[in-house]
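# Inside the fold
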Protein chains: 2
Amino acid sequence: MEMLPKTGEYAFMAPPFHCDQHETLFMGHLGNDMLNAADFHSNERGFGTHYLQTIHHTWVLARLAIEMERMPKAYDKFTIRTWADDIKRYFTSRNFEVRAEDGTLLGAARSTWAMIDTETRKPADIFAINDGFIINYLEPVPSTIAPLARVKLPADAEDAGSILTHYSDVDINGHINSIKYVDHLLDLWPAAWHAQHAVRRMEISYVAEAHGGDTLAFRRKQTADGEWLVGISRRTASGDEAECCRCKVIFD
Amino acid sequence: MEMLPKTGEYAFMAPPFHCDQHETLFMGHLGNDMLNAADFHSNERGFGTHYLQTIHHTWVLARLAIEMERMPKAYDKFTIRTWADDIKRYFTSRNFEVRAEDGTLLGAARSTWAMIDTETRKPADIFAINDGFIINYLEPVPSTIAPLARVKLPADAEDAGSILTHYSDVDINGHINSIKYVDHLLDLWPAAWHAQHAVRRMEISYVAEAHGGDTLAFRRKQTADGEWLVGISRRTASGDEAECCRCKVIFD
């Protein structure tokens, strides 16, 4: 396979009907654009889900932090650049940069991905794939944003409600879409809050997958001015409860 | 302003993270692509929301019918063609065609739009806009799919649950996104149903707008094999209840 540049760059735009009432692209749509960019980048380079599914492997998003100085507005064109800045046996680190059409940096993101065997659901050795050729795409350019902090939700976090998940929450991987948690998380704040405050930074650590029909329960604790920790747990129809995501949101 | 072709054609693709568990584009994403195509088409031709907002007018979607023979699958490129096939004083009719990259017709849609004054929320005279120049873009090519039938939900329709709307349901127009009703509507059927049945046709008549924080209540009645009528009403926080949408869904 021909070598491509280590960094991939993909063009997007903010369609008006992916924008909120303030003509600002929804964070969830931006997040999905990032996942799609990661998918395009890895598939073009031969280590994406297209190839992996032939050997019953897949990538699983473990951690995601997004930090935005400015969100794209309706009709804005923007690009997402993405590269793998660290590749270990069981994890890769992938960075993102979001730039306006004129090149201005709008924000950045960093993410950690595990490779799993889709039959055993256990971690798989990334270097065992095609003799570890993925290492040719290592681009050790660090992210400009801080790594995820360890988030521990305090015991006195308030109950912030729950939602039942449905067909539309489940993506191509067969479980609740990683970014749907972002939508549901930001829905904890009313429109009037979002009218006054933009998300400056958000972090999510994915602890366990949830499935369509599970209930997602939210607990939340304000930790500073404009800053919250949020825990999401899933409850299955049979009553099993497990921690699902640990999140941190900082609003301007 | 330079005349453009009466029909506009826009390129889309089905990003993997806009696809369901069966690698099929969500109907809601296709619907949003159609709304975006309508928006691009009308803005490029000088009668879109860009111009209308300068004179405190906007388009409001009144009716939408989508009929799909085949939905785009993950990574498929497709085009949406759209044109105005009828223009009356208070309504325009707009058609859509969805075609695969090789030109195969995947499906079609038809829609009816009213123009309103955003201050009075009353219908506005479409021909009063720029001396009725919109008529230059009339392309009287009829849709290949049947018009919307008048849907009347029978009194014995079953209660199909309700959901609370949030920040993520509200679009750039400041009310519940027209296509979010499609997502919520299709969520009435479990993933296992969607695994076996594709939506062949769906119709929505928009009766009244709902706002973020309203509860949407669903009532449903099966009227034939694979065919349902669904009524959606909104309940405001103060307890006001009003009919919101009348829908019909036909599954394969």
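Each remark here, short or long, concerns the structure printed above.
To start, this report covers the structure provided alongside it. Remember, it's a predicted structure, so these values are computed and weren't measured experimentally. (Residues numbered from 1 in each chain as written. Chains lettered and ligands numbered in written order. Predicted model: local features only at pLDDT ≥ 70, side-chain atom pairs only at ≥ 80, totals over all residues. Heavy atoms only, no water.)

### Regarding the relation of the copies chain A and chain B
To go from the first copy of the chain to the second, apply a rotation about an axis and then a shift along the same axis. Under the fitted operation, chain A is carried onto chain B by 0.0 Å of movement along the axis and a turn of 180°, and the coordinates agree to an RMSD of 0.0 Å. Taken together, the rotation and translation relating the two chain copies correspond to the operation of a two-fold axis. The position closest to the rotation axis in chain A is occupied by the C-alpha of Ile163 of chain A, lying 4.4 Å away. Here 100% of the contact residues of chain A are again contact residues in chain B; the copies associate through an equivalent surface. (Least-squares fit on C-alpha atoms with pLDDT ≥ 70 in both. Contact = heavy atoms within 4.5 Å.)

### Some points on the interface of chain A and chain B
Across the contact, 36 residues belong to chain A and 36 residues belong to chain B. Taken together, both faces of the contact between chain A and chain B bury some 3400 Å²; the carbon and sulfur share is 62%. Of all residues in chain A, the largest losses of buried area upon contact with chain B belong to Phe17, Tyr167 and Ile172 of chain A, amounting jointly to 27% of the total for that side. Between chain A and chain B we count zero salt bridges in total. There are 16 residue pairs in polar contact (both at pLDDT 80 or more) connecting chain A and chain B. Breaking the side of chain A that touches chain B down by element, the ones donating at least two residues are helix H1 (27–44), helix H2 (49–54) and helix H4 (191–196) of chain A. Residue composition of the side of chain A that touches chain B, by class: 16 nonpolar, 15 polar and five charged. (Buried area = accessible area lost by both parts, 1.4 Å probe. Salt bridge = Lys/Arg side-chain N within 4 Å of Asp/Glu carboxyl O. Polar contact = N/O pair within 3.5 Å; in protein donor to acceptor, adjacent residues only side chain to side chain. Helix = DSSP H or I, 4+ residues; strand = E, 2+ residues; numbered from the N terminus. Nonpolar A, V, L, I, M, F, W, Y, C, P; charged D, E, K, R; others polar.)

### Concerning the sheet that holds strand S10 (residues 241–251) of chain B
Residue and element names in this part refer to chain B. The 10 strands are arranged S1-S3-S4-S5-S2-S7-S10-S9-S8-S6 in an open sheet whose pairing can be described as antiparallel. Here the strands that pair on one side only, and so sit at the sheet edges, are strand S1 (8–13) and strand S6 (158–164). Strand-to-strand, the axes of this sheet are offset by a mean angle of 25°, without reference to chain direction. Note that strand S3 (residues 77–87) and strand S4 (residues 91–100) share nine bridges and pair antiparallel. Opposite Ala84, over in S4, you have Arg94 as the bridge partner. Most of the contacts of helix H1 (residues 27–44) go to S3, to which it runs at about 55°, and overall it touches S1, strand S2 (57–68), S3, S4, strand S5 (105–117) and strand S7 (199–206). (Pairing = 2+ DSSP bridges. Axes fitted to C-alpha atoms, helices over the stretch in contact; angles between N-to-C directions.)

### Re the nonpolar core
Of all hydrophobic cores here, the largest spans 130 residues; its most connected members are Met27, Leu30 and Tyr181 of chain A together with Met27 and Tyr181 of chain B. Here Leu30 of chain A is in contact with Leu25, Met68, Met71, Phe78, Ile80 and Val98 of chain A, once residues within four sequence places are set aside. (Core = buried A, V, L, I, M, F, W, Y, C linked by side-chain atoms within 4.5 Å. Buried < 20%, exposed > 50% of the residue type's maximum accessible area, 1.4 Å probe, protein only.)

### A word on the sheet that holds strand S3 (residues 77–87) of chain A
Residue and element names in this part refer to chain A. Strands sit in the order S1-S3-S4-S5-S2-S7-S10-S9-S8-S6 across an open sheet of 10 strands; the sheet is antiparallel. Sheet topology places strand S1 (8–13) and strand S6 (158–164) at the edges, where each strand pairs with a single neighbour. The mean angle between the axes of side-by-side strands here comes to 25°, regardless of whether they run parallel or antiparallel. Where S6 meets strand S8 (residues 215–224), five bridges bridge the pair, whose relative direction is antiparallel. Bridging from a neighbouring strand, Leu164 pairs with Thr215 of S8.

### Quick look at H1 of chain A
All names here are of chain A. The end-to-end C-alpha separation of H1 is 26 Å, in line with the 26 Å expected for 18 residues at 1.5 Å each. The element H1 is extensively covered by neighbouring structure, given that 17 of its 18 residues are classed as buried. Where H1 ends, the next residue or the one after it, Gly46, has phi of about 85°, a positive value. (Expected span 1.5 Å × (residues − 1).)

### Looking at the packing of aromatic side chains
The description of two aromatic rings rests on the distance between their centres and on the angle between their planes. For the structure on display, the rule yields 22 aromatic pairs over all chains. Taking 6.3 Å as the distance between ring centres and 70° as the angle between the ring planes, the aromatic pair formed by Phe47 of chain B and Phe133 of chain B counts as edge-to-face. Of this pair, Phe47 of chain B sits in the loop between H1 and helix H2 (49–54) while Phe133 of chain B sits in the loop between S5 and S6, and the two are 86 residues apart along the sequence. Judged by centre distance (5.0 Å) and plane angle (65°), the rings of Trp189 of chain B and Phe251 of chain B are edge-to-face. Of this pair, Trp189 of chain B sits in the loop between helix H3 (180–186) and helix H4 (191–196) while Phe251 of chain B sits in strand S10, and the two are 62 residues apart along the sequence. The pair Trp189 of chain B / Phe251 of chain B is uniform in exposure class, with both members buried. These aromatic residues form a ring-pair network of at least three members: Trp189, Trp193, Trp228 and Phe251 of chain A. Residue placement shows Arg220 of chain A over the ring face of Trp189 of chain A; its charged tip is 4.9 Å from the ring centre. (Phe/Tyr/Trp six-rings, centres within 6.5 Å; stacked < 30°, edge-to-face > 60°. Lys NZ or Arg CZ within 6 Å of the ring centre and 35° of its normal.)

### Observations regarding unusual backbone geometry
Residue and element names in this part refer to chain B. Of note, the phi angle at Glu23 is positive, near 60°, even though the residue is not glycine. Secondary-structure assignment places Glu23 in the loop between S1 and H1. A relative accessible area of 36% means that Glu23 is categorised as partly exposed.

### Regarding the environment of Asp86 of chain B
All names here are of chain B. Looking at the secondary structure, you find Asp86 in strand S3. Residue Asp86 is classed as partly exposed on the basis of its relative accessible area, which comes to 30%. Along the backbone, Asp86 and Tyr181 are 95 residues apart, and their C-alpha atoms lie at a distance of 26 Å. Ignoring any residue separated from it by four or fewer positions in sequence, one finds Asp86 in contact with Phe91, Thr92, Ser93 and Leu138. At a separation of 2.8 Å, a polar atom in the side chain of Asp86 contacts the side chain of Lys88.

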